[in-house]
Amino acid sequence: MRNLGQTMERHGYQATFIKVDWYGKFALLYAIMDERHIQICDHVWVRVGSWCEQLEPGSVITFTAVPIKYVKKNQHTTKQLEVDVTLSDIENIRKVGEIELHKVGEHEPHVEI
């Protein structure tokens, strides 16, 4: 399985929009697939922008984006900081479907396909 960020070039992706965080800064995308529809990542948090203004939770979208690396900050532990990958410069958004989301507990959605 190719990992998200294996190449730091613009690629096409498909994912399911889950939610925007409580602070309105980041959006959660689930089941990230590459151009060949092979899942390359279970989820990714991306900066909110105009690209997600019209999306509803459960919207399945295709788009292009550039993977970028960042240092993951963990305020709840003293362990060493980790490098992670997010998607930037999201463009060419197209809604291609919808799935129904069901909440499990109070904060985490469960996806049924």
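Further up the page is the structure itself.
Along each chain, residue indices are assigned from 1 in the same order as the chain's sequence is written. Residues qualify for local features only when their pLDDT is at least 70, as the model is predicted, and side-chain atom pairs are given and counted only at 80 or more; totals for whole chains, interfaces and linings, by contrast, use all residues. Where side-chain values are given, they derive from all heavy atoms of the structure, hydrogens and water being excluded.

Quick notes on the nonpolar core
The condition is simple: In this description, a nonpolar core means a group of buried Ala, Val, Leu, Ile, Met, Phe, Trp, Tyr and Cys residues linked to one another through side-chain atoms lying within 4.5 Å. Buried, partly exposed and exposed residues are distinguished by accessible area as a fraction of the type maximum, computed with a 1.4 Å probe on protein chains only: under 20%, between the cut-offs, and over 50%, respectively. Put simply, DSSP H or I for four residues or longer makes a helix, DSSP E for two residues or longer makes a strand, and each gets a number counted from the N terminus. Note on contacts: a residue pair qualifies if any of its non-hydrogen atoms lie within 4.5 Å across the two residues.
Core analysis: the biggest nonpolar cluster contains 20 residues, and L29, W51 and F63 have the highest contact counts within it. Taken together, the elements giving at least two residues each to this core come down to β1 (11-20), β2 (26-33), β3 (39-47), β4 (59-72) and β5 (82-98). The element that contributes the greatest number of residues to this core is β3, accounting for four residues. Beyond its immediate stretch of four places on either side in the chain, W51 contacts A27, L29, V46, I61, I90 and I93.

What about the pattern of salt bridges?
Under the convention used in this document: One speaks of a salt bridge when a side-chain nitrogen belonging to Lys or Arg is within 4 Å of a carboxyl oxygen belonging to Asp or Glu.
One pass over the full model with this rule turns up four salt bridges. Here D34 and R36 are joined by a salt bridge, their closest N and O atoms 2.8 Å apart. Classification of D34 by relative accessible area gives buried; the value is 2%. With a closest N to O distance of 2.8 Å, E98 and K95 form a salt bridge. Overall, K95 belongs to the partly exposed group, its relative accessible area being 43%. Taken together, the shared-partner salt bridges in this structure form one network comprising R10, D89 and E91.

With respect to the pairing of β1
Quick reminder of the rule: What makes two strands pair is DSSP finding at least two bridges between them.
Across the ten residues of β1, eight count as buried, placing the element largely inside the fold. Where β1 meets β2, five bridges bridge the pair, whose relative direction is antiparallel. Bridge assignment links K19 to a residue of β2, and that residue is L28.

Overview of the side chain of D21
Operational definition: Identification of polar contacts relies on pairs of N or O atoms within 3.5 Å, with a donor-acceptor requirement for protein atoms, meaning one able to donate a hydrogen and the other able to accept it, and with residues adjacent in sequence counted only if both atoms are side-chain atoms.
Counting through the fold element by element, D21 comes out in the loop between β1 and β2. Side-chain polar atoms of D21 contact the backbone nitrogen of G24, separated by 2.7 Å. A distance of 2.9 Å separates a polar atom in the side chain of D21 from the backbone nitrogen of K25. Ignoring anything within four residues of it in the chain, the contact list for D21 reads F26 and W45.

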